[in-house]
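Letter by letter, the chains look like this.
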Amino acid sequence: MTEHESADAGHGDADARRVRRRELASLINEFAAVRVSLDSTGNGDRLLVEDLESDDYIFLSPLELVSLCLATPDDREDWLRVGNYRDERRDRSLGPVRGRTP
């Protein structure tokens, strides 16, 4: 059983639950490398997205995926703020940054 399987197995008998997962794609560019799989283990299908460099992962339900489609450009820009850029987040309800040129 892999780390992802045991982490998601719950408190019951892990051997009784059969993990059903099919790899869909590996996406790699100069900024990131991820593997996307369809996981059918739970009550419904969901996507498993794995960071191939850090081994971090996330399961995304259909509701979470549709939320990605409905996100604004500002929302998506905030998702890209990682590492040293993470602290640059601000409350957008305050309006545009003064003195900032486009």
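Look up a bit, the structure's there.
Here goes a summary of the coordinates provided. (Residues numbered from 1 in each chain as written. Predicted model: local features only at pLDDT ≥ 70, side-chain atom pairs only at ≥ 80, totals over all residues. Heavy atoms only, no water.)

## Describing the layout of surface pockets
Phase 1: Considered as a void within the structure, the largest pocket measures approximately 820 Å³ in volume.
Phase 2: Lining the largest pocket we find 19 residues, and of these Ala32, Val34, Val49, Trp79 and Leu80 sit closest to its centre.
Phase 3: Contributions of two or more residues to the lining of the largest pocket are made by β2 (33–39), β3 (46–51), β4 (57–60) and α3 (73–79).
Phase 4: Along the lines of polarity and charge, the residues of the lining of the largest pocket split into 14 nonpolar, no polar and five charged. (1 Å grid on protein atoms, 1.4 Å probe; cavity = no way out; pocket = protein on both sides within 12 Å on 5 of 7 lines; lining within 4 Å. Points joined across faces, edges and corners; volume = space filled by probe spheres on them. Helix = DSSP H or I, 4+ residues; strand = E, 2+ residues; numbered from the N terminus. Nonpolar A, V, L, I, M, F, W, Y, C, P; charged D, E, K, R; others polar.)

## Section: the sheet that holds β4
Phase 1: If you walk across this open sheet you meet the four strands as β1-β2-β3-β4, and the pairing is antiparallel. Each having just a single partner strand, β1 (21–28) and β4 make up the two edges of the open sheet. Adjacent strand axes in the sheet meet at a mean angle of 20°, parallel and antiparallel pairs treated alike.
Phase 2: Two strands pair when backbone bridges link them, and β2 and β3 are joined in this way by six bridges, in the antiparallel orientation. Bridge pairing in β3 links Val34 to Asp51. (Pairing = 2+ DSSP bridges. Axes fitted to C-alpha atoms, helices over the stretch in contact; angles between N-to-C directions.)

In short, shape yes, function no, at least from these values alone.
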